[in-house]
Amino acid sequence: GMLASRALRCLLCALSCAWWLPTGTASRLKTPALPIQSEREPVPSKGLAGCSFGGRFYSLEEAWHPDLGEPFGVMHCVQCHCEPQKSRRKVSGKVNCRNIKQDCPTLDCDDSVLLPGHCCRTCQKGTHALPQTQHLFLTKDQEKGKEDDLHKSYNDRSYLSSEDTGLGESRTDFVALLTGVTDSWLPSSSGVARVRLSLSRTTLTFSVTYQRIGRPSKIAILDSDGTPAFEYKVPKGQTDMICGVWKNLAKPLLRQLQSEQLRISMTTSMGRREEVVGKIIKHRALFAETFSSVLTSEEENAGMGGIALLTLSDSENNLHFILILQGLIRHKDREPVLVPIRVQLMYRQHVLREIRSNITSNDPDFAEVLTDLNSRELFWLSRGQLEISVATEDQDPRQISGFITGRKSCDTIQSVMSSSNALIPGKTGGVGSAIFNLHGNGTLDYQVQVAGLTSDIVGLTIELKPRRRNKRSVLYDLTPEYSRETGQATGSLSRLEARHIHMLLQNELFINVATAHSQEGELRGQIKVLPYSGLEVPRHELPTPLAGHFVSPPVRTGASGHAWVSVDKQCHLHYEIIVAGLSKTEDVTMNAHLHGLAEIGELDDSSTNHKRLLTGFYGSQAQGVLKDMSIELLQHLDQGTAFIQVSTKLNPQGEIRGRVHISNSCKLGAPAEVEEAEFDDLFLNDPEELKKDPNTCFFENQYHAHGSRWTPSYDKCFTCSCQKRTVICDPVICPELTCSRTIQPEDKCCAVCDERRETKDIKAPETVEEHLEGCYFEGDQKMHAPGTTWHPFVPPFGYIKCAVCTCKGSTGEVHCEKVTCPVLTCSHPVRRSPSDCCKECPEEERTPAGLEHTDMMQADGPRYCKFGKNFYQNSDSWHPWVPLVGEMKCINCWCDHGVTKCQRKQCPVMTCSNITRTESSCCPECAESLLANNTLVFPAIIRWFSHS
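The name an unreviewed UniProt entry gives the chain is Chordin, with Poecilia formosa as the organism. For the record of the chain, the UniProt heading Sequence similarities (unreviewed entry) holds the text "Belongs to the chordin family." On record in UniProt, under Subcellular location (unreviewed entry), the comment for the chain is "Secreted".

Draft legend 1. Structural view of the overall build of the chain. A count of helical and extended segments in the chain gives twelve helices and 64 strands. When each of the 948 residues of the chain is scored for burial, the buried share is 48%. Nonlocal contacts in the chain, meaning residues at least 24 apart in sequence, comprise 57% of its contacts between residues at least 6 apart. Element-wise, carbon and sulfur atoms account for 50% of the exposed surface of the chain, whose accessible area totals about 48400 Å².

Draft legend 2. Local environment of the packing of aromatic side chains. Scanning the model with the defined rule gives eight aromatic pairs in all. Consider the rings of Phe 321 and Phe 366, whose centres lie 6.3 Å apart with planes at 45 degrees: the pair is tilted. Of the two residues, Phe 321 is situated in strand E16 (residues 319–326) and Phe 366 in strand E19 (residues 365–370); the sequence distance between them amounts to 45 residues. You'll find Phe 321 and Phe 366 in the same group, each marked buried. Sitting above the plane of the Trp 564 ring, Arg 539 keeps its charged end 6.0 Å from the centroid. Above the ring of Phe 643, the side-chain terminus of Arg 657 is found at 3.8 Å from the ring centroid.

Draft legend 3. How the structure looks around the sheet that holds strand E29 (residues 488–493). Sheet architecture is open: six strands sit in the order E28-E29-E25-E24-E23-E32, paired in antiparallel fashion. At either end of the open sheet lies a strand with only one pairing partner, and these are strand E28 (482–483) and strand E32 (528–530). For strand E25 (residues 444–451) and E29, the ladder comprises six bridges, and the chain directions are antiparallel. Residue pairing across strands places Gln 449 opposite Gln 488, the latter belonging to E29.

Draft legend 4. Expanded view of the side chain of Asn 512. Inspection of the secondary structure assignment puts Asn 512 in strand E30 (residues 510–515). A polar contact is formed between the side chain of Asn 512 and the backbone oxygen of Glu 520, at a distance of 3.1 Å. Within the local environment of Asn 512, its side chain forms a polar contact with the side chain of Arg 524, the two groups lying 2.9 Å apart. Apart from the residues within four sequence positions on either side, Asn 512 is in contact with Gly 459, Leu 460, Thr 461, Glu 463, Arg 472, Glu 520, Gly 521, Leu 523 and Arg 524.

Draft legend 5. Quick look at the pairing of strand E45 (residues 726–731). With six bridges joining them, strand E44 (residues 718–723) and E45 adopt antiparallel strand pairing. Bridge pairing in E45 places Phe 718 opposite Pro 731.

Draft legend 6. The state of the cysteines, seen in detail. In the structure shown here, the tally under the stated rule is 15 disulfides. The residue that forms a disulfide with Cys 104 is Cys 120, at a sulfur-sulfur distance of 2.0 Å. Around the S-S axis, the bridge from Cys 104 to Cys 120 shows a dihedral of about -80 degrees and counts as left-handed. Placement of the pair is Cys 104 in the loop between strand E5 (91–99) and helix H2 (132–135) and Cys 120 in the loop between E5 and H2, with a sequence separation of 16 residues. Cys 104 sits in the partly exposed class, given a relative accessible area of 22%. Paired by a disulfide, Cys 697 and Cys 722 hold their sulfur atoms 2.1 Å apart. The S-S bond linking Cys 697 to Cys 722 shows a torsion near 85 degrees; that makes this disulfide right-handed. Placement of Cys 697 in strand E41 (residues 697–699) and of Cys 722 in strand E44 is noted, with a sequence separation of 25 residues between them.

Draft legend 7. Structural context of the pairing of strand E21 (residues 399–403). Note: strand E20 (residues 386–392) against E21, five bridges, orientation antiparallel. If you follow Ile 388 over to E21, its bridge partner there is Gly 402. Hairpin connection from E20 to E21: six residues lie between these consecutive antiparallel strands.

Draft legend 8. Representation of unusual backbone geometry in the model. Following Ser 552, the chain continues into Pro 553 via a peptide bond in cis, with omega recorded as -5 degrees. Tracing the chain through its elements places Pro 553 in the loop between strand E33 (544–547) and strand E34 (560–567). In the Ramachandran plot, Gln 349 falls in the positive-phi region, its phi being about 70 degrees despite a non-glycine side chain. You can call Gln 349 exposed: its relative accessible area is 61%. Even without glycine at this site, Asp 372 takes up a positive phi of about 50 degrees. Along the polypeptide, Asp 372 turns up in the loop between E19 and helix H6 (375–382). Under the relative-accessibility criterion, Asp 372 is labelled exposed at 55%.

Rules of the game
- Residues numbered from 1 in each chain as written.
- Predicted model: local features only at pLDDT ≥ 70, side-chain atom pairs only at ≥ 80, totals over all residues.
- Heavy atoms only, no water.
- UniProt positions renumbered as here; feature names shortened; annotations may be inferred.
- Helix = DSSP H or I, 4+ residues; strand = E, 2+ residues; numbered from the N terminus.
- Buried < 20%, exposed > 50% of the residue type's maximum accessible area, 1.4 Å probe, protein only.
- Contact = heavy atoms within 4.5 Å.
- Areas by Shrake-Rupley, 256 points an atom, 1.4 Å probe, with all protein chains shown as cover.
- Phe/Tyr/Trp six-rings, centres within 6.5 Å; stacked < 30°, edge-to-face > 60°.
- Lys NZ or Arg CZ within 6 Å of the ring centre and 35° of its normal.
- Pairing = 2+ DSSP bridges.
- Polar contact = N/O pair within 3.5 Å; in protein donor to acceptor, adjacent residues only side chain to side chain.
- Disulfide = S-S within 2.5 Å.

Here it is, written out as structure tokens:
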């Protein structure tokens, strides 16, 4: 979102922006090779320069491909480079981007393919080119020996690459350190909390750990003004880890989050009320962090603390760490000062390592590396027995410390084992499923289940990627805990090494199921950290296994999966499905089709009435909430006669399936949506709820819901309406009255007939003929006198000025017709007033910006779109132009009532053998006959170009 927007704006600019970065700390110069660096400004130390591009910092000489976000993606044929620029006083950075397509070599083959992540095409025959991403996962040893030693029939995919390292969509990680408030007259808290946050689209999930503070009752996220934008009441059952989710963040709040303007407050209600507060920041170290520590003070009412993000080097036993500190330095001066600090690594009060350095008062972060940890230090690290301590050595010495443990969060460590991911791939229809829980003392709990095997299990092992042919690297053997009767293995590993904890949390370990028929392994799966989704599913329990073996009749597939499913109090179904090894088309470049459809149904195949589509999905994950469950399906779930299945193009009747049993008391089915709407209505007048809605209007010191209508305080002869944050007030048009006597009510604008007098004069039978006295109009819910005209009021749009309604007194009918505007000859007509219906030609031509502004004010007029430097009218469509790439013919954009939307042309799956692709076309074609071009639409609102 935001980064893509900045990247595109940078590319649209002159591409020559260079930024100087302010002074940081002297200590950071010591470790230039540190892989984890803070993303907060200031980044490097004095004397180090670089380039900012699309919201990211790049060091001098660094090269990258700009990422423009969906649907454009990474521009692999554009390479940007941060070039050093020397002047008399300093070295700065300048961004230079160029198209590298002309550098592609000419190929002497006819069957070239374009691999994902590449700009240049490569020859297909006789080559075993891996996509670029796969090389990232090869160590030097593997690189050296992969061609010679690896058996060709081994499955490269499971150990050379991670098919999709991050489960789900792209995510942005944030962290917050919360400490007691020190600038209040109340005593401060000694509590320290660490909040890990993850943003995916507009959903922000968070995991909270805390120390030296009572059980929190409320967590609030505060906007840049300090107003609570979100509040989370902590459920009573939650223990030392709090897990929560904030859905549908409004755009302004997303911007504040990305620019580090949001803060978090956490309060307790039991005993003395305590509060800890901190800022949400981005940090590059978060993706690499595998160990962590929360640092607290022994003092009462300390109001200080810290967090340490730690990771091991990939090859050597070096421990890299970053300290984020708060409240340790209390410095009132505006000018930053250097403060000497001492960092110690300790075991049972014995100092093992010590580092002395200086930090600045305005930026008290500190990065360092402890080299060559010995076997004892690594052993203590794995057991959670190493302590990190930080102390200031100035006139007012303060100290904080904490134990280092494996990274804690609400994420789930899990694995799906499939036959297509086995080292020698197969299609057995079997499944393996595992969940793990890592404790602070290095103990790893595991629960494993298998089904649909061709023969008995002879080995259940946790392994590394294989290094050489027939040399599997087994780390831990779980076979003794496996029970043939249950098909499960449950137990704990109490001696996990520090290196293996690091690899586990970096998705670098595998679980292998060997059988009598497949000694090398029949099923295999990568152990992955599944990010917390915020769904109410029981991730601490073994999920429902999904396999071809459970489909009727059984399907011999290489795919498998597992699913967590639950039914909440409202009888809504929450589901989370993970799949592995789903068959793809032979050509890697053509896997843009829908991977699968997740469905729920009943096991009795005679009736298909009760099968429901949950979702269509790409990649390896499907999740969501199904609200309108039928009573029949809920009963089947309760009886254990329901199934979850994934259907694919290859197996439309189901490729993998699992039986689901969820006890529930939903006798009447899911409550109707009407009830939920009524429940929502309770909040419509709640200012706290209205504040959260991005479409709410603020007018005359009050919040008004989108679509609402009211009479303003300043003039009762106006009616105001709220339309997506815009208040439009229109004058009330009073009807002409034909009665002999009128009165003027105090709270109304228009006079009304004096009914007391009228009723005496009118005889009773005539009152039935009410329509003869006027017309009732649904829009404004008012009676209109015969022969009167008015502009219709249509909620939620307000008064429609381009229509006039007339009351036909003889029949009581309302007749409305559109106002016809004159044909204008000028190129840029304007509205004199926002309330006018028709435009006029100005004395002199107005600018497009002026035109855009007047249209924004007019509720009923068509909205223009601004894309790049061009303006487009409603329904216009075009191919976007991107610098250095030119016109992108494979992407269509169109203007939809002021919102630019773009979609990439989706190519059909090819069934022919002879496929060709021309430079001018977006999709490959069959040489003998062109297929019908079915396109899948992915509407994506393009924000980046639309800034005025």
